[in-house]
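Residues per chain, in single letters:
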Amino acid sequence: MFRFGLDKIVGKRRLDRAVFFNLLFFLLTGCELLQEYLPEPDTSEPPMALVEFVPEVGVEVLWSAKVGKGTRDRYLRLPLSIIGDKVVAADYGGQVSAFDAQTGEKAWEIKLDLPITGGPGGSDDLVVLGTEEAEVIALDAADGSPVWRTSVSSEILSAPSVADGVVVIRSGDDQVYGLDARDGSRLWAYQHNVPILTLRGVAAPIVVDRKAIIGLAGGKLVALSLEDGQLLWERAIVVPRGRTELDRLADIDSKPAVYGGYLYTVTYNGRIAALWLADGDILWTREMSSYAGIGTDGESLYVTDMEGSIWALESRTGASLWRQSKLLRRQPTAPTSYQNYVVVGDSAGYVHWMAKEDGHFVARIEVDKKGIVNAPLVLDDILYVNSQGGILKAIKIAG
């Protein structure tokens with residue numbers, strides 16, 4: 001397969017002329033082409049300015065830390081991972097650090113000298129990361145010492161999941177692997193046909209009820225047996241349509257959300273859906289596009305759409321509850337449910353708290369001007385945020 005790389009496309013409506021003719025050439029000559037795009041908002045208008053409001057709650061930074069040099073100006077999702085009582089973070093250069101979740105005291109740190117592009121993910125005893133060079137690295141969660149190292153077919157652009165002795169890895173060419181958590185040996189692999197044109201980035205797998213749930217390029221959601229990788233069910237969330245490959249982009253590039261027996265997913269350029277986790281039956285769908293992702297508290301579903309609006313939907317029907325449209329073109333992260341609030345970060349490095357009842361702003365804090373792309377994490381009423389510049393902060397509602 002010939003692989004033609006493109007760092008980014010500016011807006012889904014505009015395509016660089018040279019890229020267009022390269023794409024046309026390869027299609028006409030019959031070459032098999034996997035073209036990756038990094039979606040960005042339409043830059044014909046600037047990000048919406050921050051609106052002024054009277055804060056209704058105070059926020060307190062409990063501790064702050066620096067993790068290497070962050071993503072070094074690359075658009076990478078290197079999310080935080082909470083493993084046991086530690087918060088684990090990594091930078092693109094290979095520095096992996098673990099901090100006590102309550103105090104921020106550094107528990108351990110290791111410098112791998114490898115380009116980290118996926119993770120960290122893990123379990124109580126294992127931290128797993130993926131590299132740009134298609135390697136999977138496992139570290140001991142207690143002290144960061146290396147445990148094993150193995151290779152897959154392509155770079156890793158999402159966090160691995162670990163459960164019941166199996167590491168589930170999603171590679172950049174959309175293949176899924178189950179690895180033995182003890183030594184990294186391959187237990188199974190799942191392959192499928194990848195569309196000609198895909199977004200750069202892949203949805204992280206989740207593991208629940210001994211199923212690996214994965215959103216794929218082309219708008220399909222699959223459930224695989226954790227034991228042997230067999231396909232349990234497959235559902236087309238959206239059917240790609242349009243005259244061009246660009247029009248037909250409909251990838252699932254954000255991590256699915258699970259609450260109870262319900263499963264929620266959203267596609268780029270397409271649709272949001274609720275399914276039964278057990279068999280994949282679709283309960284409801286509605287038109288909505290997202291690259292950032294979704295969050296839920298059971299009662300409501302929270303979604304960041306492609307324009308930057310934050311939506312609250314009724315989780316059992318998909319009906320709209322409210323929409324916060326004051327963060328347009330600021331590239332908000334996926335929403336996180338935190339106490340009575342919905343929290344997102346944005347590309348300018350701010351964290352915003354919104355009231356669950358109607359979406360109005362109640363608090364805001366600046367973390368790092370380099371921006372935030374990962375949804376905040378919550379543990380024991382503490383919110384953890386990491387920036388593209390490698391800044392990690394633990395934040396709590398004051399009082």
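Just so you know, the residues in each chain are numbered from 1, in the order the chain's sequence is written. For a predicted model such as this one, the threshold for reporting local features is a pLDDT of at least 70, and the threshold for listing and counting side-chain atom pairs is 80 or more; totals across whole chains, interfaces and linings nevertheless cover every residue. Neither water nor hydrogens contribute to the side-chain values; these are computed over all heavy atoms in the structure.

Undergrad: So what about the sheet that holds strand E6 (residues 95-100)? Which residues, and what values?
TA: Strand order in the open sheet formed by 4 strands is E4-E5-E6-E7, with antiparallel pairing between adjacent strands. Looking at strand neighbours, the two that pair on one side only are strand E4 (81-83) and strand E7 (106-111), the edges of this open sheet. Looking at each pair of strands side by side, their axes are set apart by 20° on average, direction ignored. Taken together, the 3 bridges between E4 and strand E5 (residues 86-90) define a ladder with antiparallel strand orientation. Residue pairing across strands places Ser81 opposite Val88, the latter belonging to E5. Two strands are counted as paired when DSSP detects at least two bridges linking them. Put simply, DSSP marks the helices as runs of H or I at least four residues long and the strands as runs of E at least two long, and each gets a number from the N terminus on. Where helices are involved, their axes are fitted lines through C-alpha atoms of the stretch in contact, as for all axes, and angles between N-to-C directions lie from 0 to 180°.

Undergrad: Residues and numbers for the environment of Ser154, please.
TA: One can find Ser154 in the loop between strand E11 (146-151) and strand E12 (161-163). Put simply, Ser154 and Glu135 are 19 residues apart on the chain and 8.3 Å apart in space, counted from C-alpha to C-alpha. Only heavy atoms matter for contacts: two residues are in contact if any of them lie within 4.5 Å across the pair. Look past the residues within four positions of Ser154 in its chain and what remains in contact with it is Ala134, Ser171, Gly172 and Asp173.

Undergrad: Hey, could you go over the pattern of salt bridges for me, with residue numbers and the actual values?
TA: The term salt bridge refers to a pairing of a side-chain nitrogen on Lys or Arg with a carboxyl oxygen on Asp or Glu at a separation within 4 Å. This structure, assessed with the given rule, holds 13 salt bridges. The residue Glu109 makes a salt bridge to Lys106 at a minimum N-O spacing of 2.7 Å. Between Asp297 and Lys356 there is a salt bridge whose closest N-O contact spans 2.9 Å. Remark: Lys356 occurs in the loop between strand E31 (350-355) and strand E32 (361-366) and Asp297 occurs in the loop between strand E25 (293-296) and strand E26 (300-304); sequence separation between them is 59 residues.

Undergrad: Lay out a positive patch on the surface with the relevant residues and their values.
TA: Taken together, the side chains of Lys66, Lys69, Arg72 and Arg74 make up a positively charged region of the molecular surface. Its place among the elements puts Arg72 in the loop between strand E3 (59-66) and E4. Partly exposed residues are those whose accessible area sits between 20% and 50% of the maximum for their type, while under 20% is buried and over 50% is exposed, using a 1.4 Å probe and protein chains only. With relative accessibility at 39%, the residue Arg72 sits in the partly exposed group. Like-charged residues are merged into a patch within 9 Å and nonpolar side chains (Val, Leu, Ile, Met, Phe, Trp, Tyr) within 5 Å, provided each residue has over 30% relative accessible area and no salt bridge. A 1.4 Å probe and the Shrake-Rupley method give the accessible areas. Residues count as covered only by the protein chains that appear here. We count Lys and Arg on the positive side and Asp and Glu on the negative side, and we leave His and both chain ends out. Where a charge lies is defined by one atom per residue type: Lys uses NZ, Arg uses CZ, Asp uses CG and Glu uses CD.

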